[in-house]
Every structure is written in C-alpha cells, then in structure tokens.
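Take a look at the letters that make up each chain.
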Amino acid sequence: MAGASSSVKSSRPLGKATRDAFGRALESLGESYGSLVVVDADVGNSTRTEWFGLKYPDRFFNVGIAESNQVGVAAGLAAAGHISLVSSFAAFIICNAYDQLRMSVAYPKLNVKVVGSHAGISIGEDGASQMGIEDVGLACSLPGFVVVVPADEASARAATAAMMAHQGPVYLRVGRPDVPKVYSDETIKFELGKANTLQEGTDLTIIANGLMVGPALDAAEALATEGISVRVLDMHTVKPIDRDALKAAAEETGAIVVAEEHLAHGGLGSVVAMNVAEIKPVPIRYVNLGDQFGESGSPEALIEAYGLTAANVASAARAVLAAKKA
Amino acid sequence: MSVPIDQLHAIAKELRKDILRMTTEAGSGHPSSSMSAVEVVTALYFGGFLNFDAKNPKDPNRDRFILSKGHAAPVLYAALAHKGLFPHEELMTLRKLGSRLEGHPNMLRLGGIEASTGSLGQGLSMGVGYALAARLAKNGSQTYVMTGDGELGQGQIWEAAASAGKYGLDNLTCIVDRNGFQQTGSSFDVLNMDPIDGKFASFGWSTQVINGNDQQEVLDALNRARSNKGRPNCIVSLTKKGYGMLNLMAKLKDENFHGKPMPAKYLDEAIAEVEAGVA
Ligand SMILES: Cc1ncc(C[n+]2csc(CCOP(=O)(O)OP(=O)(O)O)c2C)c(N)n1
Ligand SMILES: [Mg+2]
C-alpha cells in the first residue's frame, strides 16, 4: 500500500505515524549531515524516504526491488565515508537482506542506518507477508547494532536524530498507522539506551515500547482505580538495554510486565527476561504476538484479535502481582 | 483448448469486475496490478492449459500456477471463484479478518494457492521445485509462474532462472507481467531489466515476447510453450497496468495506480469501462 493512511485509536490524541515523523526528520537532517545518502528499494513512498529523495535527488538511490543489493550498496557507500541509510518494510529489509546486514554491515561495523517501516500487525489488510514481527529479535542478533523502537511521532523524530548522531549501525523500527501521542516535542527527553519513566509506581513495572506504550499507560490508569501502583517505562532502546532501569524496576517494584508488538521470541520480552534473571529475578508476564504469523484484517480488528490491548496488559499485571504475592 | 475466444473475453471481463468490486469493498489492495494479468490468468484457468480441478485442488498430478507477484491476489481469487473453488460472494470478504482471501495468497488457508507469496522474488524458485518434483514423479505436471516486471530486480529470480536452465525444465513456464510500472514509478526508470527475454535466453530459456492483453496472443504463446522441449519457457507479457480501466486512470491522473482501490464513487464508472471493453 503506497499512500493510504490508517490509525490506531485510543483515549490519547492521535499523532502522526512514526514512519511519517521519521521521514520528515530525515528530510530535515539532510542539511546538517552533508555526507548522508539514502538507498531505497522501490518503497520510498511507503517508508517516506522519498521526502529526502525529493529534496536531495543526488544523494538518493533507488536500486529497485532488491533489498540484499540495497544493503550491500549502502555498505559500500558507508565504507567510502558516507553515512548511509536504507529503508524498506521491516519484513523485507531485515529478512530479505539479513546476510548482507550481518556480513557487509555488522561485521565491519559500518555506519549504516537501517529503518524498518510497516512493522508489526498494525499495518492491517496486507497481511502476514508484509508484517515484520521478528525484526527486533533479528536486529538484536546483529553484533554491535543499536535497536530502537519509538512509541509516537515525537519520539520517532528524536530517535531519528539520535540515530544519526550515533557512530555505527542502528536499526530503527517505525510503523504504518497514525498512533496516539505519548510525548510532546517540548517535554520529550530521548537518549539512546536510556528508558523513559512515564509514570512512577511501586507495585509493579510495565515495560513497553512502540505501539504498546499507549496501552501500557491506559492499563496503568485502569489499575490505579483498583489501588495498584504501576511504574511505566518506555523502553525505546532494546539494545543496549537500560540495565539500571531494569535493576530499579526489579528491586523497587518486584514484578514486571513486558508489552510489545513482536513475536515472543527475541524481542523486548526476551531481552528484559535475560537481564532481569541475572540482576534480580522477579516474576515477569508478557503481552506480545506469541509464536504465530499475523493475517489480513483492519489494524483495529487485528490489535483486538491478537490481544495487544490495554485490557490484556492489565490482566497480565494482575497475574504478575498474584505471582509476586504467592 | 477449443474454448471459443468470445467466451474467454467474457470471463476476462467478469474477472476485472470482480477485482474492482472486491478491492473497493476491502478499501485496500492492488487492482491495477491484478488487471494487467487478467488475459494470462484467463487463458491458464479457462483456456484449457491448467489441469486444475476445483473439486480436487490437492490432486498430486495437477498443474500448478504460482502467483509470485502475490499482491495481485484478487485476479487469482476471482479466477478460483469462477472455477467453483468457493462461493462467488466470498470474494467480498477479501482482506477482512478471518477471510481465507488474505491480502496476499496464503497456501495454508485456501486450496488452489500453490505458494504463499507477497515477499517478491520467491515464486520462481518454488516453481523450479515443483517442476523438478514433476520430473521425478513422471506425471507430466506443468508449472506456471507469474512474476512482476519490477519483481525482476530480486536476485533470487536470476538464481532460479539459472537453475531452471541447468535442469532444462521444459515443464516450467515463467510469465513476466511487463506492465511497465512498479511501486515508485516506471519500471523502465526505477530499474530497467530490458532485454528481459535476452536475460532469460542467456540462462538457457526459450523465450517469447507477446502482447499480454491480447487473449489470442496469450493462447498462442502458451501453446508454443507447451510443445517446446528441453528448455524452460519465458513469456514476456507486455501489458498495461490497470488494463480495462485505463481511461479512468488517465482521468484520475495516475497511470500506475499502484496499491490503491478504486474509490467507491468511481466504481460504477470503472465497471462501465470494463463492460464497454477496450477499443
Ligand atoms: C521483497 C519485497 N520488497 C518490496 C515489496 C513491496 N512491493 C509490493 S508490490 C511492489 C511493486 C511491484 O512491482 P511489479 O513487480 O512490477 O508488480 P506490478 O504491481 O507492477 O504488477 C513492491 C515494491 C514486496 N512486496 N516484496
Ligand atoms: Mg509492474
């Protein structure tokens, strides 16, 4: 799908899609980063890199529907001294070009920025083949990669700037639908590798990123009416994970729920569990896509059907509290 | 084979109307990518080429059609509905949660789908696998694969082309839907793969270049491919993206119309253009 838009509803005011915020940020960063080049694979009108391409046609290359080549070409440009950025649907840039990301980018530690758009089931009707739901796990398995999953438009803008300022490979995951705002440009603080505490709490911590930050906040609100005090962390950087925030969450709240729009295996939940098990084991529950592909449907219907809802986050919170007390 | 051409023209019109109606109802999808491919799909399913029985879609000896450019799924679903694989009204469930008719073909969900596609570039390799299996089974099964022209940018296409050439798979036919556009613009600008026939020929394929929106030319080309021995077949099918609604696309100032349904308010006009036929 090229131009059409869709949105994810919530009580929070609707903002732009994270892919749109990324696209605008990239376009404006073109000026301060004179060596920035962008390599597209026939999806620039979906990933929004075309906005950079329209402004800087000499620094924009469309190699056709050929993601492996796209990444290889970007690696060559980076090795020649450029900052290069590649973008396609998360499913294609990560899965189709994985060996090239591994061998031509991660291994030589080249300064290539990889942006996977249309991540998750929230793309809707196009269905499983276009839904990147394993991208975070795969990106985390590339040695040296920083992996970032912003929640809304302001954080996508900030993440794009932080990604450019970082020296080395980065994977940035953005989504297709318009999403509710979590931050405002005035109040946002964004530092790679540092979780944002959106709400303080003492009974448990909900750790979320991307599309699930909104539902995490909604769940915390609902739980407050039951007398449950919830800390909410936006763990926008999955790698390197904020171990200090995990330590504090485990020690101070003693129970954790992890919510993400990703397969169970390899995503934020896996990374949190691996670290918490080492720092201070506490009960953890997960809200994610489990071990299954997505399918066609409207974004709203899929989010409901696959359980990526505030209600499900709240039930996971009640379950983890019961485990903590047991 | 003996199907009168008028009958095929009538079926082609029905498929086009189905494509338009189902994608407009779904509110998303790729009607223009589907419509360029209608004559080829019509010839395969209704012109006597594809030995496929909707009552026995898993017959191991069947011929197979792989839609490698999976985003054109509506043309395949429309053909399978007219074959009687499922009720015609089910077409209107396209892309809805729970429907077997997903945005891109899912072989687990629906008989008659020979490969789950949607990530471009993968169908021809599966076709090579089917063709090798048919050779091992000695069952005479034919495999047809349709790719897009933009899709030819994928390296895997050429890996498949080389392996089919190596094994001389004359039971394999690749039809390239050369409709001249891909997602971000003209296929001649984005990544021009001309000469497409020359590239396949250099991998040991027998090639033809035809007007793929001319029903008779499509039938003739498939006939020649069927009698060809010793080499895989490539048919470069020169088509127009959105063939059947070109006037309306011109009026809406979009000659690619990639990945968007006809807005509901133009649906009747689009259907009327299909009915009137291309002059
Ligand atoms: C591996 C991969 N990369 C990108 C896409 C996104 N995409 C879907 S359709 C399309 C254009 C296809 O062009 P073409 O093959 O010419 O088919 P047409 O729609 O013109 O029939 C693209 C880039 C995809 N589906 N798969
Ligand atoms: Mg095309």
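Residues numbered from 1 in each chain as written. Chains lettered and ligands numbered in written order. Predicted model: local features only at pLDDT ≥ 70, side-chain atom pairs only at ≥ 80, totals over all residues. Heavy atoms only, no water.

Asks: So what exactly am I meant to see when it comes to the overall build of chain A here?
Replies: Along its length, chain A carries 13 helices and 14 strands. Expected size for 326 residues packed as a compact globule is a radius of gyration near 20 Å; at 19 Å, chain A falls within 12% of this value. Taken along the three principal axes of its C-alpha coordinates, chain A extends 60 × 40 × 40 Å. Scored against the burial criterion, the 326 residues of chain A give a buried share of 63%. Restricting to contacts in chain A with at least 6 residues of sequence separation, those with at least 24 account for 79%. About 11400 Å² of surface is accessible on chain A, with carbon and sulfur atoms providing 54% of the total. Computed over 26 positive and 36 negative side-chain charges, the inter-centroid distance for chain A is 5 Å. (Helix = DSSP H or I, 4+ residues; strand = E, 2+ residues; numbered from the N terminus. Rg over C-alpha atoms; globule rule 2.2 N^0.38 Å. Buried < 20%, exposed > 50% of the residue type's maximum accessible area, 1.4 Å probe, protein only. Contact = heavy atoms within 4.5 Å. Areas by Shrake-Rupley, 256 points an atom, 1.4 Å probe, with all protein chains shown as cover. Lys, Arg positive; Asp, Glu negative; His and termini not counted. Charge placed at Lys NZ, Arg CZ, Asp CG, Glu CD.)

Asks: Help me out: how do you make sense of the site of ligand 1 in this one?
Replies: As a matter of local geometry, ligand 1 sits amid 24 residues, with Glu67 of chain A together with Ser33, Lys69, His71 and Asp149 of chain B nearest to it. Near ligand 1, the surrounding residues are drawn from chains A and B. A distance of 2.6 Å separates an oxygen atom of ligand 1 from a polar side-chain atom of Lys69 of chain B. In the model, a nitrogen atom of ligand 1 is placed 2.8 Å from a nitrogen or oxygen of the Gly118 of chain B main chain. Coverage of ligand 1 by the protein amounts to 99% of the 590 Å² it exposes when considered alone. When contributions to the shell around ligand 1 are tallied by element, the ones reaching two or more residues are α5 (90-96) of chain A together with β4 (181-182) of chain B. (Near = heavy atom within 4 Å. Polar contact = N/O pair within 3.5 Å; in protein donor to acceptor, adjacent residues only side chain to side chain.)

Asks: How should the packing of helix α9 (residues 213-224) of chain A against helix α13 (residues 310-325) of chain A be read in this particular structure?
Replies: The relative placement of two packed helices comes down to the angle between their axes together with the axis-to-axis distance. All names here are of chain A. In contact at an axis separation of 8 Å, α9 and α13 are set at 55° when each is read in the N-to-C sense. Taken together, the axis directions place α9 and α13 in an arrangement best described as oblique. Where α9 crosses over α13, the handedness of that crossing is right-handed. For the pair α9 and α13, contact is made by Pro215, Ala216, Asp218, Ala219 and Leu223 and by Ala310, Val313, Ala314, Ala317 and Arg318, respectively. (Axes fitted to C-alpha atoms, helices over the stretch in contact; angles between N-to-C directions. Parallel < 35°, antiparallel > 145°, perpendicular 65-115°, else oblique. Left-handed = near helix turned anticlockwise from the far one by under 90°.)

Asks: How should I be thinking about the coordination of the magnesium ion (ligand 2) in this particular structure?
Replies: Around a metal, the ideal angle is 109.5 degrees if four donors adopt a tetrahedral arrangement and 90 or 180 degrees if six donors adopt an octahedral arrangement. Residues and elements named next belong to chain B. The protein atoms donating to the magnesium ion (ligand 2) are Asp149 (OD), Asn179 (OD1) and Phe181 (O), with metal-donor distances spanning 2.1 Å. Summarised as a motif, the one-chain spacing of the donors to the magnesium ion (ligand 2) is D-x29-N-x1-F. Of the two residues, Asp149 sits in the loop between β2 (143-148) and α6 (155-167) while Asn179 sits in the loop between β3 (172-178) and β4, which places them 30 residues apart along the sequence. Neither residue differs from the other here; Asp149 and Asn179 are each classed as buried. (Donors = N, O, S within 2.8 Å, 3.2 Å for Na, K, Ca; no water.)

Asks: When you look at the sheet that holds strand β6 (residues 206-211) of chain B in this model, what are you seeing that I'm missing?
Replies: Where strands meet in a sheet, backbone hydrogen bonds hold them as pairs that are either parallel or antiparallel. Residue and element names in this part refer to chain B. The strand order β1-β2-β3-β7-β6 describes an open sheet built from five strands, whose pairing is parallel. Unpaired on one side and paired on the other, β1 (64-67) and β6 mark the two borders of the sheet. With direction set aside, neighbouring strand axes in the sheet form an average angle of 20°. Helix α3 (residues 38-46) contacts β1, β2, β3 and β7 (233-238) of the sheet and is inclined by roughly 160° relative to β1. Against the sheet, helix α9 (residues 215-227) touches β2, β3, β6 and β7, its axis set at about 170° to β6. (Pairing = 2+ DSSP bridges.)

Asks: What's the story with the sheet that holds strand β13 (residues 256-259) of chain A in this structure? I'm lost.
Replies: Residue and element names in this part refer to chain A. What the five strands build is an open sheet, ordered β9-β11-β10-β13-β14; its pairing is mixed. The open sheet is flanked by β9 (196-199) and β14 (284-287), the only strands paired with a single partner. Across the sheet, the axes of successive neighbouring strands diverge by a mean angle of 25°, strand direction being ignored. Pairing geometry for strand β10 (residues 204-208) and β13, over four bridges, is parallel. Following the sheet pairing, Ala208 is matched in β13 by Ala259. Strands β10, β11 (230-234) and β13 of the sheet are contacted by helix α10 (residues 243-253), whose axis makes an angle of about 170° with β11. Sheet strands in contact with helix α11 (residues 268-279) are β10, β13 and β14, and its direction is about 155° off that of β13.

Asks: Got a minute to help me understand the domain arrangement of chain A in this structure?
Replies: It is common to give the size of an interface as the accessible area that goes away when the parts come together. Residues and elements named next belong to chain A. Domain boundaries in chain A define domain 1 (15-180) and domain 2 (196-325). One C-alpha centre belongs to domain 1, the other to domain 2, and the line joining them spans 26 Å. With 30 residues of domain 1 in contact, the opposing surface of domain 2 contributes 28 residues. Together domain 1 and domain 2 conceal approximately 2100 Å² of surface at their shared face, both sides included; 63% is due to carbon and sulfur atoms. The largest per-residue losses of area from domain 1 upon contact with domain 2 belong to Ile121, Ile133 and Val149, which jointly make up 30% of the total buried on that side. For the pair domain 1 and domain 2, the interface holds zero salt bridges. Counting every contact that joins domain 1 to domain 2 gives 16 residue pairs in polar contact (both at pLDDT 80 or more). Residue assignment for the side of domain 1 that touches domain 2 shows that the elements contributing at least two residues are α7 (135-140) and β6 (146-148). (Domains from an automatic or database assignment. Buried area = accessible area lost by both parts, 1.4 Å probe. Salt bridge = Lys/Arg side-chain N within 4 Å of Asp/Glu carboxyl O.)

Asks: What am I meant to see in the packing of aromatic side chains here?
Replies: A ring pair, where both rings are aromatic, is described by two values, the distance of the centres and the angle of the planes. The full count for this structure, using the stated rule, is seven aromatic pairs over all chains. Taken together, a centroid distance of 5.5 Å and an interplanar angle of 15° make the contact between Phe89 of chain A and Phe92 of chain A stacked. Using a relative accessible area of 2% as the deciding quantity, one classes Phe89 of chain A as buried. Both rings, one in Phe200 of chain B and one in Trp205 of chain B, keep their centres 4.9 Å apart while their planes meet at 70°; by these two values the pair is edge-to-face. In textbook terms, an aromatic cluster arises when at least three aromatic residues are bridged by ring pairs, as seen for Trp158, Phe200, Phe203 and Trp205 of chain B. In this structure, Lys260 of chain B is placed above the aromatic ring of Phe257 of chain B, and the distance from its NZ or CZ to the ring centre is 4.9 Å. (Phe/Tyr/Trp six-rings, centres within 6.5 Å; stacked < 30°, edge-to-face > 60°. Lys NZ or Arg CZ within 6 Å of the ring centre and 35° of its normal.)

Asks: Could you clarify how one ought to interpret the packing of helix α1 (residues 5-26) of chain B against helix α4 (residues 73-83) of chain B in this entry?
Replies: All names here are of chain B. Look at α1 against α4: their axes get within 9 Å of each other, and the N-to-C directions meet at 120°. One finds that α1 runs oblique with respect to α4. Note that α1 runs across α4; the crossing there is right-handed. In this structure, α1 uses Glu14, Leu15, Asp18, Ile19, Met22 and Thr23 to contact α4, whose residues at the interface are Pro74, Val75, Tyr77, Ala78, Ala79 and His82.

Asks: How should I be thinking about the interface of chain B and chain A in this particular structure?
Replies: Each partner contributes residues to the interface: chain B has 26 residues there, and chain A has 26 residues. Counting each side, the surface lost to burial between chain B and chain A is near 2000 Å², with a carbon and sulfur contribution of 46%. Our enumeration of links across chain B and chain A arrives at 17 residue pairs in polar contact (both at pLDDT 80 or more). Considering only residue class, the side of chain B that touches chain A consists of four nonpolar, 17 polar and five charged. (Nonpolar A, V, L, I, M, F, W, Y, C, P; charged D, E, K, R; others polar.)

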